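Letter by letter, the chains look like this.
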Amino acid sequence: MSQGRFEALVADALDLIPDELAEAIENVHVSVEDRSHEDPELLGFYHGVPLTDREHYSGVMPDRIFIYRKPICALCEDESEVVEQVRITVIHEVAHYFGIDDDRLEELGWD
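Within each chain, residue numbers correspond to sequence positions counted from 1 in written order. pLDDT decides what is reported in this predicted model: residues at 70 or higher carry local features, side-chain atom pairs at 80 or more are listed and counted, and totals for whole chains, interfaces and linings draw on all residues regardless. Side-chain descriptors were evaluated using all non-hydrogen atoms of the structure, hydrogens and water having been removed beforehand.

Quick look at the nonpolar core
For step 1, the next point in the chain: Within the largest apolar cluster, 17 residues are counted, with the highest numbers of intra-cluster contacts made by Phe6, Val10, Ile67, Ile72, Val82, Val86 and Val90.
For step 2, the next point in the chain: Comment: elements are numbered from the N terminus, with helices defined as DSSP H or I runs of at least four residues and strands as E runs of at least two. Elements represented by at least two residues in this core include exactly α1 (3-15), β3 (63-68) and α4 (79-97).
For step 3, the next point in the chain: Examining the composition of this core, we find that five residues originate from one element, α4, more than from any other.
For step 4, the next point in the chain: Contact definition: two residues touch when any of their heavy atoms are within 4.5 Å. Not counting residues up to four positions away in its chain, the partners in contact with valine 10 are Val30, Val32, Ile67, Val86 and Val90. Here, nonpolar core means buried Ala, Val, Leu, Ile, Met, Phe, Trp, Tyr and Cys residues that are tied together by side-chain atoms lying within 4.5 Å of each other. Between buried and exposed lies partly exposed: a residue is buried under 20% and exposed over 50% of the maximum accessible area for its type, with that area taken using a 1.4 Å probe on protein chains only.

Written as structure tokens, this is what we have:
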């Protein structure tokens, strides 16, 4: 899948976030990269300070959400699976921004 098409899927997944949650997202940059340098099988990664851990949080670099194209595409058999996996990965990483950890995401079925 092309970089442009994949980026459009990420944008579509971000558009699915309910307005009341989307309005609470500030100072976050979402980017698509081919793969993580630390873990080539990683599908996505949130780097930042979750909202639940913030006290005085101003004047800092944006939090970052990385969505990794090649591992997601390798995991999926067709475009419809890529669409679903992108949606799951984006929601998973945005949940980390809101302070939801992997254990709770697993309980909720978003692992």
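Remarks on the pattern of salt bridges
For step 1, the next point in the chain: A carboxyl oxygen of Asp or Glu within 4 Å of a side-chain nitrogen of Lys or Arg is what we treat as a salt bridge. The tally for this structure, following the rule as stated, stands at five salt bridges.
For step 2, the next point in the chain: When the shortest N-O distance is used, the salt bridge between aspartate 34 and lysine 70 registers 3.9 Å. With aspartate 34 in the loop between β1 (28-33) and β2 (44-47) and lysine 70 in helix α3 (residues 69-75), this residue pair connects regions lying 36 residues apart in the sequence.
For step 3, the next point in the chain: Overall, aspartate 34 belongs to the partly exposed group, its relative accessible area being 33%.

Focus: α4
For step 1, the next point in the chain: By definition here, a helix of n residues has an expected span of 1.5 Å times n minus one. Here α4 is 19 residues long and its end C-alpha atoms lie 27 Å apart, about the 27 Å a rise of 1.5 Å per residue gives.
For step 2, the next point in the chain: Listed in full, the buried residues belonging to α4 are Val82, Gln85, Val86, Thr89, Val90, His92, Glu93, Val94, Ala95, His96 and Tyr97.
For step 3, the next point in the chain: Next to the buried residues of α4 lie α1, β1, β2, β3, α3 and α5 (102-107).
For step 4, the next point in the chain: Downstream of α4 by a residue or two, glycine 99 has a phi angle that is positive, lying close to 90°.

Overview of the pairing of β3
For step 1, the next point in the chain: Extensive coverage of β3 is indicated by the burial of five of its six residues.
For step 2, the next point in the chain: Pairing between strands requires that DSSP locate at least two bridges from one strand to the other. Bridging between β2 and β3 involves four bridges; their strand directions are antiparallel. Looking at β3, one finds that phenylalanine 45 is bridged to phenylalanine 66.

Focus: the packing of aromatic side chains
For step 1, the next point in the chain: Stacked, edge-to-face and tilted labels apply to pairs of Phe, Tyr and Trp rings (six-membered ring for Trp) whose centres lie within 6.5 Å, assigned for plane angles under 30 degrees, over 60, and everything in between, in that order. This model, assessed by the stated rule, comprises three aromatic pairs.
For step 2, the next point in the chain: A ring pair is formed by tyrosine 46 and tyrosine 97, whose centres lie 6.2 Å apart and whose planes are at 80°; its orientation type is edge-to-face. One end of the pair, tyrosine 46, is in strand β2; the other, tyrosine 97, is in helix α4, with 51 residues separating them in the sequence.
For step 3, the next point in the chain: On the numbers, 6.2 Å between centres and 5° between planes, the contact of phenylalanine 66 with tyrosine 68 is stacked.
For step 4, the next point in the chain: Members of the aromatic cluster, connected to one another through ring pairs, are Tyr46, Tyr97 and Phe98.

A short note on the environment of valine 90
For step 1, the next point in the chain: Considering the arrangement of structural elements, one finds valine 90 in helix α4.
For step 2, the next point in the chain: Its relative accessible area of 2% is what places valine 90 among the buried residues.
For step 3, the next point in the chain: In this structure, the C-alpha to C-alpha distance between valine 90 and arginine 5, residues 85 residues apart in sequence, is 15 Å.
For step 4, the next point in the chain: Those residues in contact with valine 90 that sit more than four places away from it in its chain are Val10, Ala13, Leu14 and Ile67.

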